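So you can see what is in the structure, the chains are spelled out below.
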Amino acid sequence: WGAAAGGTFTLAVVLVAAWWAVDQYADQIATFNVLLLGRYITLVAVGGLVLAIVGGFIEHRRMREETHVMAALFANALAAVGGGMLWLLYAIQSGALAGVKIL
């Protein structure tokens, strides 16, 4: 592995550990399930996608490079996928999908 890959892996491990620590704190001390935030993260990300697309179409004649629009689309798409996964994990954990056959 190169230095960049090792640093990226280390950062990923630290972020997962931090998320786990926040989840444990919220679940055991504050009695709040962090997975509930997945719904709101998804809704905000979808709103951001809509704003980025509409803004890109409205302002496309004045902009030569649309890198900020692409960055907004990328960030909001990742947030929507991540929030959707949290939302699905919450539904599985709470038993909302008990009678549903996935595959």
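Conventions we followed
- Note that residues are indexed from 1 along each chain, following the sequence as it is written.
- Restriction of local features to residues with pLDDT of at least 70 applies here, the model being predicted, together with a cutoff of 80 or more for giving and counting side-chain atom pairs; totals for whole chains, interfaces and linings are based on all residues.
- Each side-chain value is worked out from all heavy atoms of the structure, with water and hydrogens disregarded.
- Helix and strand definitions here come from DSSP, where helices need a minimum of 4 consecutive H or I residues and strands a minimum of 2 consecutive E residues; each element is numbered from the N-terminal end.
- Our radius of gyration looks at C-alpha atoms and nothing else; its globule reference is 2.2 Å times the residue count to the power 0.38.
- The classification of residues rests on relative accessible area computed with a 1.4 Å probe and restricted to protein chains. Under 20% of the type maximum is buried, over 50% is exposed, and intermediate values are partly exposed.
- Contact criterion: two residues are considered in contact whenever any of their non-hydrogen atoms come within 4.5 Å of each other.
- All accessibility values rest on the Shrake-Rupley procedure with a 1.4 Å probe; residue burial counts only the protein chains present in the view.
- Charged residues are defined narrowly, with Lys and Arg counted positive, Asp and Glu counted negative, and His plus the chain ends left uncounted.
- Note on charges: their place is set at NZ of Lys, CZ of Arg, CG of Asp or CD of Glu.
- Like-charged residues are merged into a patch within 9 Å and nonpolar side chains (Val, Leu, Ile, Met, Phe, Trp, Tyr) within 5 Å, provided each residue has over 30% relative accessible area and no salt bridge.
- By convention in these notes, a salt bridge is any Lys or Arg side-chain nitrogen within 4 Å of a carboxyl oxygen on Asp or Glu.

(A) The arrangement of the overall build of the protein chain in detail. Looking only at helices and strands, the protein chain features 3 helices and 0 strands. For the protein chain, the succession of helices and strands along the chain, N to C, is α-α-α. What you see for the protein chain is a C-alpha radius of gyration of 18 Å, clearly larger than the 13 Å of a compact globule of 103 residues, by over 25%. With respect to the three principal axes, the spread of C-alpha positions in the protein chain is 50 × 40 × 35 Å. Going through the 103 residues of the protein chain one by one, you find that 17% of them count as buried. Taking contacts inside the protein chain between residues at least 6 apart in sequence as the whole, the part at least 24 apart equals 58%. Here the protein chain displays about 8,100 Å² of accessible surface, and carbon together with sulfur accounts for 72% of that area. The average position of the 5 basic charges and that of the 5 acidic charges among the side chains of the protein chain differ by 11 Å.

(B) A look at a nonpolar patch on the surface. On the surface, L37, Y40, I41 and L43 cluster together to form a nonpolar patch covering roughly 370 Å² of accessible area. Mapped onto the elements, L43 comes out in helix α2 (residues 37–58).

(C) How the structure looks around the side chain of N76. Note that N76 resides in helix α3 (residues 67–94). Setting aside its immediate chain neighbours within four residues, N76 contacts A45, G48 and L49.

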